[in-house]
Amino acid sequence: MGKQEFEELLFQAFCWLHQHPELGFEEYETTKHIKEILREHGVRILDLPMKTGLVAEIGRGGPTIALRADIDALPVTEKTELPYRSLVSGRMHACGHDFHTTTMLGAAILLKERETELPGTVRMIFQPAEEVSGGARAVLDTGILRDVRFICGLHVLPSLPVGTLGLKAGAASASVDRFWIRIIGKGSHAAHPDDGTDPIVAAACLISAAQTIVSRNVDPASANLISFTHVEGGNTWNVIPSEVLLEGTIRSLSKTDRAFLKRRLSEMTDSIGKAYGTRTEMDWYEGPPPTDNDPEWIAAAAALAKERGFTVTVPHTTLIGEDFAFYQEELTGVFAFVGTGLGPSIHSPKFQADPKAIAPASEYFAAMAETALRRIVERED
Ligand code: NI
């Protein structure tokens, strides 16, 4: 396929995906569309018990490695003026997963052309539901990664210009935990706080005190955070409510700090609750751990990206989460950031990715798959 034809095909796929965003585990049309494109190019699709998303395969035996792209969108209403903006109100590819999907379709086409020369097999995971962080687990549960030796993923990064690849050894994204705290007191007339137990004052104390966990209890040179993002209690001015709900997130680049932050927040909730005469309840949703990029493989990816004409940089540290980290708990992997032009950040209703970055990212993805297979085969010789 000629360069221009290839770029045009990718642009069309990208526009379609961008116009038809679907939320996690609801990516039915997206899955259908991906399958159609893969079938047109003779790429085999594995028969797996997946409701949405799919795994495709190229190669003829030998060692197996995987590429992964996430396919889900966000509950955001798009506010760009793009000719191919979302056709669905309240749904948008605001995290660039349409870009990732297109990139991997491109990689599939390139790898298919080289199938007879590949020294192994490449599985392409079109993963559902990254944003709700259940998708990676759903893929792992199919068992399709059991014989996989290496995995490679990527994410758009609008703060990097097109032509730049961000590669960072170790943690390139943070662990993500979500918490809920209920502070249960006793409601009363606002003029008679002495008749009740005020959960709002207890909540205010806890929110303030929790700020000292990151600022006083962990290494100041490390990257950790606790954010309260949702506070709910009471509904008028002259009644003290009986309950306050707090919700928020804990993030860290270190597994040790992650465990410590959770323990400290639990202790504080418990003791502050007691100090104010209230009862507390806590719930957790454990998201992904920090990503964990193998330094040797990062060096190999950087060398390859430079060869392909990319500018390689170490991306700015961020505490966003990425469920690619679940794969890295099971196997070695590299997660890269692709520069998609200076623009609004991901999850913004004005986010956009420059389509010019797609074809080079596809080439990197395909080349990385082939390089990984060759490295694995060489090591075995
Ligand atoms: Ni994302």
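Here the structure is a predicted model, which is why all the values come from computation and not from measurement.

Colleague: Sorry, what's going on with the nonpolar core here?
Modeller: Side chains of nonpolar character tend, in soluble globular proteins, to be buried together. Core analysis: the largest hydrophobic core is formed by 67 residues, its most contacted members being Leu67 and Tyr364. It is helix H9 (residues 358-380) that provides the largest number of residues to this core, a total of twelve residues. In contact with Leu67, not counting residues within four places along its chain, are Met104, Ala107, Leu111, Val122, Arg123, Met124, Ile125, Cys152, Phe365 and Ala369. Counting 21 residues, the second largest nonpolar core, distinct from the first, contains Ala136, Ala172, Phe335 and Phe337.

Colleague: Just checking my understanding: could you explain the coordination of the nickel ion for this structure?
Modeller: Tetrahedral coordination by four donors sets the ideal angle at the metal to 109.5 degrees; octahedral coordination by six donors sets it to 90 or 180 degrees. Every protein donor of the nickel ion is listed here as Cys95 (SG), His97 (NE2) and His155 (NE2), and their distances to the metal cover 2.1 to 2.3 Å. Sequence spacing among the residues donating to the nickel ion works out to C-x1-H-x57-H. With Cys95 in the loop between strand E3 (64-70) and helix H3 (97-113) and His155 in strand E5 (residues 148-157), the pair connects residues that are 60 residues apart, well separated along the chain. Classification of His155 by relative accessible area gives buried; the value is 3%.

Colleague: Just checking my understanding: could you explain the packing of aromatic side chains for this structure?
Modeller: A complete count under the given rule lists ten aromatic pairs for this structure. Centre to centre, the rings of Phe179 and Phe228 are 5.3 Å apart; their planes meet at 75 degrees, and the pair counts as edge-to-face. With a gap of 49 residues between them, Phe179 in strand E7 (residues 175-184) and Phe228 in strand E9 (residues 224-232) connect regions that are remote in the sequence. The same class applies to Phe179 as to Phe228, namely buried. Where Phe335 meets Phe337, the ring centres are 5.6 Å apart and the plane angle is 85 degrees; that geometry is what we call edge-to-face.

Colleague: Sorry if this is basic, but what is going on with helix H5 (residues 199-216) here?
Modeller: Think of an α-helix as turning once every 3.6 residues; residues three or four places apart then point the same way. An ideal rise of 1.5 Å per residue puts 26 Å on 18 residues; H5 measures up with 25 Å between its terminal C-alpha atoms. Residues of H5 that are buried include every one of Pro199, Ala202, Ala203, Leu206, Ala209, Ala210 and Ile213, and no others. Buried residues of H5, seen end-on, are gathered within an arc of 140 degrees and therefore sit on one face of the element. In this structure, the buried residues of H5 make contact with E7, E9, strand E10 (239-240), strand E11 (243-252) and helix H6 (255-275). For H5, the N-terminal capping position is held by Asp198, with its side-chain oxygen 2.7 Å away from the main-chain nitrogen of Ile200.

Reading the values: the criteria
- Residues numbered from 1 in each chain as written.
- Predicted model: local features only at pLDDT ≥ 70, side-chain atom pairs only at ≥ 80, totals over all residues.
- Heavy atoms only, no water.
- Core = buried A, V, L, I, M, F, W, Y, C linked by side-chain atoms within 4.5 Å.
- Buried < 20%, exposed > 50% of the residue type's maximum accessible area, 1.4 Å probe, protein only.
- Helix = DSSP H or I, 4+ residues; strand = E, 2+ residues; numbered from the N terminus.
- Contact = heavy atoms within 4.5 Å.
- Donors = N, O, S within 2.8 Å, 3.2 Å for Na, K, Ca; no water.
- Phe/Tyr/Trp six-rings, centres within 6.5 Å; stacked < 30°, edge-to-face > 60°.
- Expected span 1.5 Å × (residues − 1).
- Arc of directions from axis to C-beta.
- Polar contact = N/O pair within 3.5 Å; in protein donor to acceptor, adjacent residues only side chain to side chain.

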